[in-house]
Each structure stands twice: as structure tokens, then as C-alpha cells.
Amino acid sequence: MFEQFFENNKKWVADKLDIDPDYFENLSKGQHPEYLYIGCSDSRVTAEDLMGVGPGEVFIHRNIANLVVSTDNNLNAVVQYAVEHLKVKHIIVCGHYECGGVKAALNPTDMGQLNSWLQTLRDVYRFHQAELDAITDQQKRFDRLVELNVREQCINIIKIDHVQRSWYRTGYPKVWGWVFNVRTGGINDLGLVAEEEFASIRKIYDLKPLG
Ligand code: CO
């Protein structure tokens, strides 16, 4: 059933070894990625491909609609490990246009198990309801919610104690918000200048003095 995948794998191994015979030996020695990427699980948004990076370069967490939920053990473990142990310098939250999770949040329907997950997205809609409801073009409103969701999830990152502890000690990690345009293949940097943009937010969520 998966013959093609195993064939692809063999070819991939051969290609890598062709360029560098020690490729996998070096890879096995450890990882020192400078980036943590938090993106959507969507099969069209393959983190490494869109950034043109390979194994060892980016620590990755993906979930539906790239959410940063404070009670999510999985997310918290990833962020803590990335910040405290890998000492990543940058955390990138990358959303994408045509995100099914974001679309579902714009259309109130009973999604079963997904309801509580999507609630976070509906909260983003509520925070920005005036702006979003003023956009009459449905596509533009959808796109804007994708962007606002990325911004809110960046804010959720700077609320995390491990992130704050590291940031106050070292000035890292820095937080970046991107949107992958699935219609063109391009990545847009939303230009969230974390230090300025988030200063007033830090005033509320600051956990100083941190241990
Ligand atoms: Co998505």
C-alpha cells in the first residue's frame, strides 16, 4: 500500500548521501534549530517545503488553525522544550489563507469534538468583530480573520512563562507572524514588530518577577 513512499524514501536517502556521505551521521548527532514554527496541520501547508529548509533546521508544531492554547499540554511541551533546551531564537506563527479551521469559525455550526478547539477561533472573531463585520466581501473577511488569528496566537505566545523568562534574560525568542498564501505559494510577513506592537499587551500578561 505504501510502496511508493518507501521507494521515495530510498531515493531521498540516496540523493542526500550523493551530496554528503556523512549526512545522516551528522544528523544523528543532535539538533540545534534556531526556529520554532507553529503552523496549521493542513496538508497543503508543509512547513519545510514552503521555507525551503531541511531536517535539523526548524522545530515544528502543527495543529488545526495554528492555535496557541494555554491549556494545550502538547503545545506547552513543545514551546518549553524549544525555548529552554533548544534555545530557539525565533518563534514563527504561520497561518494560511483558505484555512478550513478559520472558515468553520466564521460559520457557526455544530462540529462535535472540534467545537471546543474552534471556540478559540470564534473568540478571535469576537475580539475583532467590529472590524470583521464591516468587511462586506466574504473572501476578504475570511482572509482578514486568518491574519488576525495569527496576531492573536503571537500574543498568546508572549503570555507563556517559559517564553517570558527567556525573553527577559536574553532578548529571545522573538515572535513573528506570517501568512502562507496557498493561492500563490508566497509567504507574507504580517510585520508584527513584536517589541512595539506587544508592549501594551506585556503590561497585562507580564509575569515578572519570574523565577
Ligand atoms: Co488551516
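Let us look at the structure shown here. All values derive from a computational prediction rather than experimental measurement. Numbers given to residues run from 1 along each chain, matching the order in which its sequence is written. Residue-level local features of this predicted model are given only where pLDDT is at least 70; pairs of side-chain atoms are given and counted only at 80 or more, and the full residue set underlies all totals for whole chains, interfaces and linings. Hydrogen atoms and water are omitted, and side-chain values are computed over all heavy atoms in the structure.

**Here we look at the sheet that holds strand E3 (residues 90–96)**
Right, so step 1: One requirement defines pairing of two strands: DSSP has to find at least two bridges between them. The secondary structure listing takes helices from DSSP runs of H or I that are at least 4 residues long and strands from runs of E that are at least 2 residues long, numbered from the N terminus. The 5 strands are arranged E2-E1-E3-E4-E5 in an open sheet whose pairing can be described as mixed. Two strands close off the open sheet at either side, each with one partner strand: strand E2 (58–63) and strand E5 (187–189). With strand direction ignored, the average angle separating the axes of adjacent strands in the sheet is 25°.
Right, so step 2: Here strand E1 (residues 35–40) runs beside E3; their pairing, made up of 5 bridges, is parallel. Residue pairing in the sheet places Tyr37 in a bridge with Ile92 of E3.
Right, so step 3: Along the sheet, helix H4 (residues 73–85) contacts E1, E2 and E3; its crossing angle with E2, the most-contacted strand, is approximately 170°. All axes here are fitted lines through C-alpha atoms, helices being fitted over the stretch that makes contact, and every angle between N-to-C directions spans 0 to 180 degrees. Between two residues, a contact is recorded if the distance between any of their heavy atoms is within 4.5 Å.

**Regarding the coordination of the cobalt ion**
Right, so step 1: All of the protein donors around the cobalt ion are Cys40 (SG), His96 (NE2) and Cys99 (SG); their distances to the metal are 2.1 to 2.3 Å.
Right, so step 2: Sequence spacing among the residues donating to the cobalt ion works out to C-x55-H-x2-C. Note that Cys40 is positioned in strand E1 and His96 in strand E3, a separation of 56 residues in sequence. For the pair formed by Cys40 and His96, the shared burial category is buried. Atoms of type N, O and S within 2.8 Å of a metal are treated as its donors, and for Na, K and Ca the window is 3.2 Å; water is not considered, so some sites may appear to be missing partners. Exposure classes here rest on a 1.4 Å probe applied to the protein chains alone. A residue is buried below 20% of its type maximum, exposed above 50%, and partly exposed in between.

**Regarding the nonpolar core**
Right, so step 1: Take the buried Ala, Val, Leu, Ile, Met, Phe, Trp, Tyr and Cys residues and link them wherever side-chain atoms come within 4.5 Å; each set so joined is a nonpolar core. The biggest cluster of nonpolar side chains holds 43 residues, and the ones touching the most others in it are Leu36, Ile38, Val79, Ile91, Val102 and Ile157.
Right, so step 2: Those elements giving two or more residues to this core turn out to be E1, H4, E3, helix H5 (100–106), helix H6 (114–127), helix H8 (138–158) and strand E4 (174–180).
Right, so step 3: Among the elements that line this core, the one with the most residues is H8, at 9 residues.
Right, so step 4: Apart from the residues within four sequence positions on either side, Val79 is in contact with Leu36, Ile38, Ile157, Ile160 and Val163.
Right, so step 5: By size, the runner-up hydrophobic cluster in this structure holds 9 residues, among which are Tyr37, Val45, Val58 and Trp178.

**Section: the layout of surface pockets**
Right, so step 1: Points on a 1 Å grid over protein atoms alone make up a cavity when a 1.4 Å probe fits among them but cannot get out, and a pocket when they form an open set with protein on both sides within 12 Å along at least five of seven lines; lining residues each have an atom within 4 Å of a point. Grid points are joined across faces, edges and corners, and a volume is the space filled by probe spheres set on the points. The space that makes up the largest pocket amounts to roughly 210 Å³.
Right, so step 2: Lining the largest pocket are Val83, Glu84, Lys87, Val88, Lys89, His162, Arg165, Ser166, Arg169, Thr170 and Tyr172.
Right, so step 3: Only H4 and helix H9 (161–170) provide two or more residues apiece to the lining of the largest pocket.
Right, so step 4: Of all the elements, H9 adds the most residues to the lining of the largest pocket, at 5 residues.

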